[in-house]
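If you want the building blocks of each chain, they are given just below.
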Amino acid sequence: MKKVITYGTFDLFHDGHYKILERAKALGDYLIVGVTTEHFDRQRGKLNQVDPIMTRIENVRKTGFADEIIVEDHDGQKIEDIQKYGIDTFVLGSDWEGKFDYLKQYCNVVYLERTPNISSTFLRNDRLRMLRLGIVGTGRIARRFLAEVRYVSGVEAISAYNPEKDSLDEFCQTFSLMGFGEGYEEFLDSIDLVYVASPNETHADYVRKALDAGKHVLCEKPMTFTYDEAVELYDLANKKDVVLMEGIRAAYLPGFQQLLTVACDGTIGDICDIEACFTRIGDPGSREMSDAKYGGAFMEYGSYTLLPIFKIMGVEYEDFTIDSILGKDGIDVFTKVNFRYKNGLATSKTGAGVKSEGQLVIAGTKGYIIAQSPWWLIRGFDVRYEDASKIDHYEAGFVGRDGFRYEIAEFLTKINKTGVHDYKLTAAESIAMAKVVEKFMEIRREQQRGY
Ligand code: C2G
């Protein structure tokens, strides 16, 4: 008898799940399905699971393909199961291609093509259903984002849009997505929510059209270049009753929430100053290092440095000034923005092609918080005092390499209205950032004229 095993969360059961069980069963005579526990999913960094384990097991059982259902609750169990049950073939979807090759020493390992377009008719019709995601842009950031989508329950990447056909085709093949090289409206028809990761200058138009079509939108920063446009887009989202979120990843990381708590709970006394610095010496040909109109230090990294300032000091500053040093192509290689508040000061420092200490320092009347580079991917921070021997260290790690899954999970939480979560990055904060971007662009244009 040929025994096959496969594993999964099987949350919000859909036809992608059904089809993989069907094909797995066809590979042998006896199919064992391992269903993950909530605890194990949390441990492996899968966020946002909806259905309880009994429901998920019941959904697998109802397909009729599983001869036996087991529970997966720890790392290393796959090897144990393969030996325990005398498994011939281990099966998983192609989104895991390569990841379980280490099991080849125990049995056959087969990755079956994942179902690219889970049909909406199969999906449950209640409020919490599997949501279909589309991606605009197929560059570096879209790739990193997609690699994390599978770690968030309740959402499936379905399609991608990019007028540049070669990039689109390669991307869609890699991730088993439907590709749209034209017909943005058709692309929008295929999905419930969209992630906009196209070049900066195209963000606002894609966002506007998606909102108009009633889609939820997560947009890479900077979403717009002007205050008015940011206000208009958030108004439109309100009118259409959909979620609009700016993708400033740092805002959604668990460690950043902890830092805000410590900053605001009196541990360091009254806050007097914030200094947030983000610099990178990148590839000279990259957009951030060469695009004098829409790239440069502040456009690329300013959203990160403004984030802790607006979160902690608020958006009601009295005034701000901007100073930049321009490089040979007219991009800003270094930009400082200084804010004056009624009772405090704050500085944002960004560099492209300049290196400085990329730290976040929050100074208070009792002590200060210091988060070292890369604080925008925060995994811990210190609180230090006048007495230099006293240091309180806070650990607040996250799972995964670049934190996208926390942003995606927040996006879904908002869409499903399962929490009052707007506080992580509010529309008002995002709009306030657009105002600084607008002023920055005005000043840089002036500077470039005299250049
Ligand atoms: N799947 C698929 N097509 C989809 C979505 C999912 O073929 N459109 C497959 C996945 O590749 C996986 C199975 O369905 O093989 C279950 O998917 P999930 O419930 O998302 O579980 P997953 O997180 O992939 O867990 O130990 C657990 C396993 O490692 C896999």
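Presented here is a report on the structure given in the accompanying data block. (Residues numbered from 1 in each chain as written. Predicted model: local features only at pLDDT ≥ 70, side-chain atom pairs only at ≥ 80, totals over all residues. Heavy atoms only, no water.)

**Looking at the overall build of the chain**
Item 1. Each helix and strand counted, the chain has 14 helices and 19 strands in total.
Item 2. Computed over C-alpha atoms, the radius of gyration of the chain comes to 24 Å, within 12% of the 22 Å expected from 2.2 N^0.38 for 451 residues, which places it in the range of a compact globule.
Item 3. For the C-alpha atoms alone, the extent of the chain along its principal axes is close to 75 × 60 × 40 Å.
Item 4. Summed over all atoms, the accessible surface of the chain reaches about 19600 Å², with 49% contributed by carbon and sulfur.
Item 5. With 56 positive and 70 negative side-chain charges, the chain shows a spacing of 1 Å between the two charge centroids. (Helix = DSSP H or I, 4+ residues; strand = E, 2+ residues; numbered from the N terminus. Rg over C-alpha atoms; globule rule 2.2 N^0.38 Å. Areas by Shrake-Rupley, 256 points an atom, 1.4 Å probe, with all protein chains shown as cover. Lys, Arg positive; Asp, Glu negative; His and termini not counted. Charge placed at Lys NZ, Arg CZ, Asp CG, Glu CD.)

**Some remarks on the packing of helix α5 (residues 140-149) against helix α13 (residues 404-415)**
A pair of packed helices can be characterised by two numbers: the angle between their axes and the separation between those axes.
Item 1. With their axes 8 Å apart at the nearest point, α5 and α13 run at an angle of 70° to one another. When the axis of α5 is compared with that of α13, the two are roughly perpendicular. Between α5 and α13, the residues in contact are I141, R144, F145, E148 and V149 and F404, R405, E407 and I408, respectively. (Axes fitted to C-alpha atoms, helices over the stretch in contact; angles between N-to-C directions. Parallel < 35°, antiparallel > 145°, perpendicular 65-115°, else oblique. Contact = heavy atoms within 4.5 Å.)

**With respect to the site of the ligand**
Item 1. Neighbouring the ligand are 22 residues, the closest being F10, K46, E72, D95 and W96.
Item 2. Between an oxygen atom of the ligand and a main-chain N or O atom of T9, the distance comes to 3.1 Å.
Item 3. The side chain of K46 places a nitrogen or oxygen atom 2.7 Å from an oxygen atom of the ligand.
Item 4. About the coverage of the ligand: the protein hides 96% of its 620 Å² of free accessible area.
Item 5. Those elements giving two or more residues to the shell around the ligand turn out to be β1 (3-8), α1 (15-26) and β4 (89-93). (Near = heavy atom within 4 Å. Polar contact = N/O pair within 3.5 Å; in protein donor to acceptor, adjacent residues only side chain to side chain.)

**Some remarks on empty space enclosed by the protein**
Item 1. Enumeration according to the criterion identifies one cavity of 30 Å³ or more in this entry.
Item 2. In this model, the largest cavity occupies a volume close to 60 Å³.
Item 3. Lining the largest cavity are P222, M223, T224, A230, E246, S303, S430, M433, A434 and V437.
Item 4. At four residues, the largest contribution of residues to the lining of the largest cavity is made by helix α14 (residues 427-449).
Item 5. Of the residues that constitute the lining of the largest cavity, the class distribution is six nonpolar, three polar and one charged. (1 Å grid on protein atoms, 1.4 Å probe; cavity = no way out; pocket = protein on both sides within 12 Å on 5 of 7 lines; lining within 4 Å. Points joined across faces, edges and corners; volume = space filled by probe spheres on them. Nonpolar A, V, L, I, M, F, W, Y, C, P; charged D, E, K, R; others polar.)

**Side note on the sheet that holds strand β7 (residues 155-161)**
Item 1. Taken together, six strands build an open sheet; the order of strands is β8-β7-β6-β9-β10-β11 and the sheet is parallel. Where the open sheet ends on each side, the last strands, each with one partner, are β8 (178-180) and β11 (244-247). With direction set aside, neighbouring strand axes in the sheet form an average angle of 25°.
Item 2. In the sheet, strand β6 (residues 131-136) pairs with strand β9 (residues 193-196) via four bridges, with the strands oriented parallel. Looking across to β9, one finds that L133 is bridged to L193. (Pairing = 2+ DSSP bridges.)

**A look at the sheet that holds strand β13 (residues 319-326)**
To summarise the sheet geometry, strands pair through backbone hydrogen bonds and adopt either a parallel or an antiparallel arrangement.
Item 1. Spatially, β13-β14-β15-β12-β16-β17-β18-β19 is the arrangement adopted by the eight strands of the open sheet, whose pairing is mixed. The open sheet has two edge strands, β13 and β19 (391-395), and neither has a second partner. Averaged over all pairs of adjacent strands, the angle between strand axes in this sheet comes to 10°, irrespective of strand direction.
Item 2. Both strand β16 (residues 360-364) and strand β17 (residues 368-371) contribute to a ladder of four bridges, which runs antiparallel. Across the sheet, residue A363 finds its bridge partner in β17, namely Y368.
Item 3. Helix α10 (residues 254-264) rests against β12 (271-280), β16, β17, β18 (380-384) and β19 of the sheet, and its axis sits at about 15° to β18.

Distances and angles like these do not, on their own, reveal function.
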